[in-house]
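Secondary and tertiary structure notes
Residues per chain, in single letters:
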Amino acid sequence: MFRVNSRIRKPVCNSRLTITDVLPIMLLGNTEYAVRPDRPVPQQGEYMIYADNAATTKMSREAVQAMLPYLEEYYGNPSSLYAFGQKAKEDLEAARQKIASCLGADPREIIFTSGGSEADNQAILSAAHSGAKKGKKHIISTAMEHHAVLHTLDKLKKQGFDVTLLDVHANGIVSAEEVRDAIREDTCLVTVMYANNEIGTIQPVAEIGAVCREKGVLFHTDAVQAAGHLPIDVKAQNIDMLSLSAHKFHGPKGIGVLFVRRGVPLETLISGGAQERGKRAGTENIASIVGMAKALEIACSNMEKNAERMTAMRDRLIAGLDRIPYGELNGDRTRRLPGNVNFCFEGIEGESLLLLLDDKGICASSGSACTSGSLDPSHVLLAIGRPHEVAHGSLRLSIGEDVTEEEIDYMIAAVTDVVTYLRNMSPFWRDLVNGKRKHVFSE
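These figures come from a predicted structure and were not determined experimentally.

It is worth spelling out the pattern of salt bridges at this point. Under the criterion given, the structure shown has 23 salt bridges. The residue glutamate 297 makes a salt bridge to lysine 294 at a minimum N-O spacing of 3.5 Å. Here glutamate 297 pairs with lysine 294, and both are found in helix α8 (residues 286–301), just three residues apart, close to one helical turn. Using a relative accessible area of 30% as the deciding quantity, one classes glutamate 297 as partly exposed.

Following this line, the structure appears as structure tokens:
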């Protein structure tokens, strides 16, 4: 958590926001907002809890320090033959080795990309086009993938591919047997995310990988939320391709990795020079690559300790929010990321909840940061069976390694206060209380 100082403000609704800032047209599904463009940000002497680590994380001091020499001193091009350039090349390969070690991979299987979205695109398109050459044009995924996957699959459908999106259970999990049952003779790829970016559900990746290996089908997993937080061993888990992004584990933005098992065909998306063995053109971003390697190295070395502490804090937060009537946790209670908490609350609109929490110094989200401009309910929440009117009232709190019990308790009190405040001004909630509408959740 980032703290301007350690002073806790009492969670009461004497908000600086006016009704114009937060009042939606309270007919859910027809919601518009008047949000002040000059919203204040926390200044020195004010308090801020950053609880949106699923969107991005603060860079670690060690990652920043690792990057600085390559911004100021060792700025050579790794493709240059002279010693200054070869110094950059040596350090590039050292970073590749570190990342490979964290994933249980061979350094030659690591391709540097601009982030998770590019890695997802390259993996899926490569497997699809390779399969098409063999007459295999069927792809299996789930209905709750990141849009980097879903939109790429939509593009492939327009090219004549058949895409099966598996339904997930109410806890957000798809089983390996369900994947097995969906595989056909013409299946060329299964792509299932390691852990969900909204509700934190962890999929049985090793079991799914084993089924795919048995059936001779390529298996890709989007591990953007998992890398640095959950153990990854691409060999033991039978993973053929894996995507990750540095800014999810305290590394820099704009840099990521695509792991591609040796022997798996990889299509070039960006043509030009011969960088990354001809599979991803463009002068390598040495500083960011080195920062990513350092951040991942630290995250993996501290993973067990961090996970144990964050899980305890997560469960404390879940227990507190569980006491709010007519609210429910989204995703599995135990098979979820250590820092992820996602709730739906009846009778409120998520955007109004976020604005008032922001005014109390809490940075949170109602779902994926990549789709925050959309007024549509989360496709992930719809996939696990939440109705539209409830999916609109979602809250994701993704805590960091340094969160304190004091901050957890403050968030519980603040969310409880804001939910009550918004319900008191909601005609939709009055209809629920008066019995004109039926509750979805139990009290």
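Of all five residues in strand β7 (residues 241–245), five are buried; the element is thus mostly enclosed. Of the two faces of β7, the one holding Met241, Ser243 and Ser245 and the one holding Leu242 and Leu244 are both buried throughout. Pairing analysis gives three bridges linking strand β6 (residues 218–222) to β7, with the strands arranged parallel. Residue pairing across strands places aspartate 222 opposite serine 243, the latter belonging to β7.

This part is about the sheet that holds strand β8 (residues 256–260). The seven strands lie next to each other as β2-β8-β7-β6-β5-β3-β4, forming an open sheet whose pairing is mixed. Looking at which strands have only one partner, the edges of the open sheet turn out to be β2 (110–113) and β4 (162–166). Strand-to-strand twist of the sheet, defined as the mean angle between neighbouring strand axes without regard to direction, takes the value 20°. Where strand β3 (residues 138–142) and β4 come together, five bridges link them in parallel fashion. Bridging from a neighbouring strand, serine 141 pairs with leucine 165 of β4. Running over the sheet, helix α3 (residues 83–103) touches β2, β7 and β8 and is turned about 110° from β2. Against the sheet, helix α5 (residues 147–158) makes contact with β3, β4, β5 (187–191) and β6, and its axis sits at roughly 155° relative to β3, the strand it touches most.

Ordered in space as β9-β10-β12, the three strands form an open sheet in which the pairing is antiparallel. Of all strands in the sheet, those with a lone pairing partner are β9 (327–329) and β12 (394–398), marking the two edges. Each neighbouring strand pair of the sheet contributes to a mean axis angle of 20°, computed without reference to strand direction. Bridge count between β9 and strand β10 (residues 340–345): three bridges; the pairing is antiparallel. Bridge assignment links glycine 327 to a residue of β10, and that residue is phenylalanine 345. Strands β9, β10 and β12 of the sheet are contacted by helix α9 (residues 303–321), whose axis makes an angle of about 10° with β10.

What counts as what
Residues numbered from 1 in each chain as written. Predicted model: local features only at pLDDT ≥ 70, side-chain atom pairs only at ≥ 80, totals over all residues. Heavy atoms only, no water. Salt bridge = Lys/Arg side-chain N within 4 Å of Asp/Glu carboxyl O. Helix = DSSP H or I, 4+ residues; strand = E, 2+ residues; numbered from the N terminus. Buried < 20%, exposed > 50% of the residue type's maximum accessible area, 1.4 Å probe, protein only. Pairing = 2+ DSSP bridges. Axes fitted to C-alpha atoms, helices over the stretch in contact; angles between N-to-C directions. Contact = heavy atoms within 4.5 Å.

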